[in-house]
Structures are given as C-alpha cells and as structure tokens.
Amino acid sequence: MPINALFTALLFTLLSNIAFADAIEGKKIAFDRAKGNCLACHSIDDGEMPGNIGPPLIVMQARFPDRAVLKAQIWDATAKNSISIMPPFGKHHILTDGEIEKLLDYLYTL
Amino acid sequence: MKNLLRAIVTGVLLTSTFIVNATPEQDKETFQRFYAERFPNLAKEDFVNGVYALDQDARDQWEAMNDFPPYEENLEAGEELFNAPFANGKNYASCFENSGENIRQNYPMFDGKRNMVITLELAINECRTNNGEETLAYKKGALAKISAYMASTSEDSVLNIVIPNNEKALAAYQAGKQYFYSKRGQLNFSCANCHVQNVGRKARSETLSPALGHPTHFPVYRMAWGNFGTLHRRFASCNKQVRAQPLAGQSEAYRNLEYFLTYMNNGLPINGPASRK
C-alpha cells in the first residue's frame, strides 16, 4: 500500500511536471509571432504590446470549464461567428493538434 | 435555438442580397456613413491621413518628421523622369489629358473599348510602350516616382471615379468589391476584417486604418521600404501579412480592387504622395 501510494505520488508529480512543461511550451506558442501570435489581438498574462481586437484571456478555467469548447474556439472561431477575425488555427493547419493541446494547458493557467 | 439559427441565416442572406444588389452609389453612401458614425469627431477630409487621423501621439511624431519629408528627393526625381523626353522626342505629357497635370483624381477609369480598368500606373506604362520604350516595374522604382510626381500636381483635387452604367464596368466593380470582403490566406482575413470591422483597434501596436482615406495619398514613401511604393505594393504587403498569395502589380484582381476602393473614396481630396512608417 505505501509503495502504491508512493507510486501514485510519483506518477502524479511526473504527470503534473509534463503538464507544467507543456504549459510553458504553450506560452511560447501563444506569444510567438510565427505561431499563435495571440498577443496580436488579446492581452494575455505578462505579454508585451498586446492588441485589443479580441477580449483579454483571463480566468479561463471558470469561463471555459469544458476544454472541448475552448479547443473549438481555437480550432475554428468562424464556426461560432462566421465573420470572426480570429484565424482558424486548427482548420487551416496554422498550429498542429499537439501545439493546440499545449496552448490549452497554458490557457488553463490563466 | 432553431429560431435563432433561422434568424441568423436569414440575416446573412439579407446582408448578402443587399450587398449584391446595391448600386455603387448606394455602396459608397453606406461605406462613408459607416466611418462617419464610427468616428463622429472626424471630418470627411481628415480620413486622408490614415492612422494619423486616429492617433494624436503618432500624428505629432509624423508631423515632426514631415518638416523635411523623407520623399523629397524621390519626388524631384519623379518630376525629372516625367519631363524627360523619350527616344522619339515625345514625352509623358503627350499621352495624357491636360498634359498629365492634375489628373490623378480621375484614376482608375474604365476603358469601355477594352473593357478593363485602367489605373494611372498602367496608363504610364502604356504611354511608354506606345512610344517605343520598355515597361517599368509596377510596385516600386521609377514608375512609383513618376506616379508620385503626378499625384503631387493633383493636390486638393477631389476623387471623382466614374463607373459607367454598363455591364462590364459594373462587373469589374463587383469583382473588386468581392475581393475586398472575401477572407483569404492561411490566416483567413478579408481586407474588411481589418480596415472596416476592426478599424481603430490595435493588432499588437499597429492601429488599423480606415479604408476611407486609403487611396488618396499613394504612392506612399514608407520608412520600412526606404522608397515609394504604389497602392498595389501595399495590397501585396497586406496579402502577405495574412499568408495569402500576393498578386502581381496591375493584375486584373488588383486593378478591380483599386477601382472599388477608390470609388468608395469619391469626394475625398488627393494628398499624395505621403510618408508612412
């Protein structure tokens, strides 16, 4: 039993370390002009010179309890709002699925 | 939910029917009214200064820079090029109405014989080939300088683009309008997304300028370019920003786009060339 508990604890740290590393990667993707460039339109965290075309990305967990809903917004914002100016990051292969998952990990730290 | 959806779908249909059926004159009224309501403190003429009409800090810096306009030398070169005779002894003045002075405000125009939009830059090159000279590159260089000089002789003349009431001219206008409102490129932006829908907002630190005022001051001397660029060079830059294929200068699509965009600006004074960062 203690071994099991130790194992679970280890596994948990390992997993949350991975999530943490992914969140750091996700932040890079969000800020990088050649990747997400989310700062062009949204103020986020400590990002410098954000644009003001979209709403600030804050309290994401509370506003997007369902990860699939948040992912859909990033995958193809025009599905919800046909004239949205937000690029369809998944649909147009601007970001890979893996990159979007890392981005989501980061957004949930906000 | 179903009703809401139906309302949205009908709404979209109505807007597109409206867009397709409106006359150019009605389009222009709607277009100009949009900006007047969006920026109630600006007079119509103020729009010719682009982002500098919206942002006082940027305007102060820009005006300080214009004490010695960065394009002065290039503009003088344009005047010399304009006046230099061709090998056959004729010159540009011989190709244009009013010897090429004070005509910028009439371009682009529709040529009913060839059924195509003629921009000033295209007319400059046709003047050259009609006189046995080689064509010049369309987006920058000597042609942009000549065009800048010609624009400078039109200062304060009011844009007066004519769309003759025939099918071919209307089709060219419609194609330009379609281009302006269609999303394109990997990043999926229309011109209208940035310059209408989000006008005045910031993309990073760049304020998005109103499309009312866009064609009045070209060619533009951009600090980022270090020389003059024609309107089609700017179209290409904006295409590249959204990872869309930039088109060739004077391609049919760009000429039609210029026709639409300049007609939307009818009534605004010419104030070119101008400098931009």
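Residues numbered from 1 in each chain as written. Chains lettered and ligands numbered in written order. Predicted model: local features only at pLDDT ≥ 70, side-chain atom pairs only at ≥ 80, totals over all residues. Heavy atoms only, no water.

J.: Got a minute to help me understand the overall build of chain A in this structure?
T.: Within chain A, the secondary structure is distributed over four helices and zero strands. When the helices and strands of chain A are placed in sequence order, the string is α-α-α-α. Within chain A, the fraction of its 110 residues that count as buried is 36%. Long-range pairs, those at least 24 residues apart, make up 47% of the contacts in chain A with a sequence separation of at least 6. In the structure as shown, chain A presents an accessible area of about 6600 Å², 68% of it carried by carbon and sulfur atoms. (Helix = DSSP H or I, 4+ residues; strand = E, 2+ residues; numbered from the N terminus. Buried < 20%, exposed > 50% of the residue type's maximum accessible area, 1.4 Å probe, protein only. Contact = heavy atoms within 4.5 Å. Areas by Shrake-Rupley, 256 points an atom, 1.4 Å probe, with all protein chains shown as cover.)

J.: What should I look at first to understand the state of the cysteines in this one?
T.: As used here, a disulfide is simply a covalent bond connecting the sulfur atoms of two cysteines. All names here are of chain B. Under the counting rule described, the total for this entry stands at one disulfide over all chains. The side chain of Cys95 participates in a disulfide bridge whose partner is Cys127; the two sulfur atoms lie 2.1 Å from each other. In this structure, the disulfide formed by Cys95 and Cys127 twists by about 70 degrees around the S-S bond and is classed as right-handed. Of this pair, Cys95 sits in the loop between helix H4 (72-83) and strand E1 (109-111) while Cys127 sits in helix H5 (residues 120-130), and the two are 32 residues apart along the sequence. Using a relative accessible area of 36% as the deciding quantity, one classes Cys95 as partly exposed. Not part of a disulfide, Cys191 finds its nearest cysteine sulfur in Cys238, a span of 7.6 Å. (Disulfide = S-S within 2.5 Å.)

J.: Help me understand the packing of helix H2 (residues 24-38) of chain B against helix H7 (residues 167-181) of chain B, please; the structure alone is not making it clear to me.
T.: Each pair of packed helices gets described by two things: the angle between the helix axes and the distance between those axes. Residue and element names in this part refer to chain B. It is at 12 Å that the axes of H2 and H7 come closest, and there the two elements cross at 30 degrees. Taken together, the axis directions place H2 and H7 in an arrangement best described as roughly parallel. From H2, Pro24, Asp27 and Phe31 reach across to H7, where they touch Leu170, Tyr173, Lys177, Phe180 and Tyr181. Here the contact of H2 with H7 is composed, by residue class, of six nonpolar, no polar and two charged. (Axes fitted to C-alpha atoms, helices over the stretch in contact; angles between N-to-C directions. Parallel < 35°, antiparallel > 145°, perpendicular 65-115°, else oblique. Nonpolar A, V, L, I, M, F, W, Y, C, P; charged D, E, K, R; others polar.)

J.: Would you take a moment to explain the pattern of salt bridges for this structure?
T.: Close approach of charged atoms allows side chains with opposite charge to pair. Scanning the entire structure with this criterion turns up 19 salt bridges over all chains. We note a salt bridge from Glu101(A) to Arg67(A), for which the minimum N-O separation is 2.7 Å. Residue Glu101(A) is located in helix H4 (residues 97-107), and its partner Arg67(A) is located in helix H3 (residues 67-75); the two are separated by 34 residues in the primary sequence. Judged by its relative accessible area of 27%, Glu101(A) is partly exposed. The partner of Glu258(B) in a salt bridge is Arg104(B), and the shortest N-O contact between them spans 3.7 Å. Taken as a pair, Glu258(B) in helix H10 (residues 252-264) and Arg104(B) in the loop between H4 and E1 lie far apart in primary sequence, 154 residues in all. (Salt bridge = Lys/Arg side-chain N within 4 Å of Asp/Glu carboxyl O.)

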